[in-house]
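Letter by letter, the chains look like this.
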Amino acid sequence: MTVHFIGAGPGAADLLTLRAVGLLESSQVCVYAGTYIDEAILSHCPEGVRKIDTAALDLDQITAELVAAHQRGEDVARLCSGDPSLYSALAEQSARLDAHSVPWDVTPGVPAYAAAAATLRVELTVPEVTQSVVLTRAQARSTAMPDGEALANFAATGSTLALHLAITRVRVIAEELTIHYGPECPAAVVFHASKPDELVLTGTLADIADQVEAAGLKQAAIILVGPAVGRTPGAESHLYDACRTRA
């Protein structure tokens, strides 16, 4: 059997990849976090599949379920919200599977920051405005950030920032980023990107925290900051320049 770590995307059931749907349809067990994965996504599972919500489970209990499925010879669809390469606990889960000699693979998914950018209809890398996107988070009740990864260090580059797991600290973040980007820098928050209850807040570092607090957002929201977020005009791409030599 195989444990398939599958990117479930930002929330919309039709944003799963064809490969992801195929694995869901062929797996006998589906392991998911009910906080983020809804019934629309789970509808891709076949009738009779064993569904395990990990919302109340710790890593040892999750591992025990995966190992037990392996011993029964059952494939597992291990759904991860967004893409498994970002904040999915893939590293520690796969390490434990390796220790138990349980095979596993990874299927990518649409990351939440990309869904948020699509909702806003913005390109996060505008020529001569910014060519870099920093994916990071804030530290609250979570593991410590590594040395050197202070938000101020990233902000000093002027890159577009995509902040995950940070919505409860939006006021502190906005104040810190204002030092580097200025109070009028465009900022946006997208809650439940691609879901029916999606909520979009747009403004600047000066007012985005007020909007978030008024809306009562506490989780499942992406914060985007930087000139590109406000469609700041830049240069046109060299790739499509009429003067560029083409073979």
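Up top is the structure these notes are about.
Model, not experiment: these values are computed from the prediction.

Help me understand helix α3 (residues 59-71), please; the structure alone is not making it clear to me.
For the α-helix, the turn length of 3.6 residues means that residues three or four positions removed from each other point alike. The end-to-end C-alpha separation of α3 is 18 Å, in line with the 18 Å expected for 13 residues at 1.5 Å each. Taken together, the buried positions of α3 are I62, T63, L66, V67 and A69. What you see down the axis of α3 is that its buried residues fit within an arc of 155°, all on one side. On its buried side, α3 packs onto β1 (3-7), β2 (29-32), β4 (76-80) and α4 (90-99). Residue D58 occupies the N-cap position of α3, its side-chain oxygen lying 3.1 Å from the main-chain nitrogen of D60. Phi turns positive, to about 75°, at G73, one or two residues after α3.

Would you take a moment to explain the packing of aromatic side chains for this structure?
Counted under the stated rule, the structure contains one aromatic pair. Between F5 and W104, the ring centres sit 5.9 Å apart and the planes meet at 85°, which makes this aromatic pair edge-to-face. Taken together, the positions of F5 in strand β1 and W104 in strand β5 (residues 104-107) put the pair 99 residues apart, joining distant regions of the chain. Look at F5 and you get buried, because its relative accessible area is 0%. What makes W104 partly exposed here is its relative accessible area of 30%.

Sorry if this is basic, but what is going on with the nonpolar core here?
The nonpolar side chains of a soluble globular protein tend to be buried, and buried together. Among the nonpolar cores identified, the biggest contains 27 residues, and L161, L163, L177, V189, L205, I223 and V225 are the most heavily contacted of them. The set of elements that each furnish at least two residues to this core consists of α6 (151-155), β7 (160-164), α7 (170-181), β8 (186-191), α8 (208-215) and β10 (221-225). When residues in this core are grouped by element, the largest group, five residues, is from α7. Residues in contact with L177, not counting those within four places in the same chain, are L151, A155, L161, L163, G182, L205 and V225. Ranked by size, the runner-up nonpolar core spans 16 residues in total, among them A20, C30, I37 and V49.

So what exactly am I meant to see when it comes to a nonpolar patch on the surface here?
Side chains of Y36, Y87 and L165 sit close together on the surface and give an oily, nonpolar patch of about 310 Å² of accessible area. Here L165 lies in the loop between β7 and α7. Taking relative accessible area as the criterion, L165 reaches 56% and is therefore assigned exposed.

Can you help me understand the packing of α3 against α4 in this one?
Two measures define how a pair of helices packs: the angle their axes make with one another and the distance between the axes. Packing of α3 against α4 leaves a shortest axis separation of 10 Å and a crossing angle of 50°. As judged from the angle between their axes, α3 and α4 are oblique. When the axes of α3 and α4 are compared, the crossing they make is right-handed. Packed against α3, whose contacting residues are L59, D60, I62, T63 and L66, the element α4 presents E92, Q93, R96 and L97 at the interface. In terms of residue class, the contact of α3 with α4 is built from four nonpolar, two polar and three charged.

About the criteria used
Residues numbered from 1 in each chain as written. Predicted model: local features only at pLDDT ≥ 70, side-chain atom pairs only at ≥ 80, totals over all residues. Heavy atoms only, no water. Helix = DSSP H or I, 4+ residues; strand = E, 2+ residues; numbered from the N terminus. Expected span 1.5 Å × (residues − 1). Buried < 20%, exposed > 50% of the residue type's maximum accessible area, 1.4 Å probe, protein only. Arc of directions from axis to C-beta. Contact = heavy atoms within 4.5 Å. Polar contact = N/O pair within 3.5 Å; in protein donor to acceptor, adjacent residues only side chain to side chain. Phe/Tyr/Trp six-rings, centres within 6.5 Å; stacked < 30°, edge-to-face > 60°. Core = buried A, V, L, I, M, F, W, Y, C linked by side-chain atoms within 4.5 Å. Patch = residues over 30% accessible without salt bridge, like charges linked within 9 Å, V, L, I, M, F, W, Y side chains within 5 Å. Areas by Shrake-Rupley, 256 points an atom, 1.4 Å probe, with all protein chains shown as cover. Salt bridge = Lys/Arg side-chain N within 4 Å of Asp/Glu carboxyl O. Axes fitted to C-alpha atoms, helices over the stretch in contact; angles between N-to-C directions. Parallel < 35°, antiparallel > 145°, perpendicular 65-115°, else oblique. Left-handed = near helix turned anticlockwise from the far one by under 90°. Nonpolar A, V, L, I, M, F, W, Y, C, P; charged D, E, K, R; others polar.

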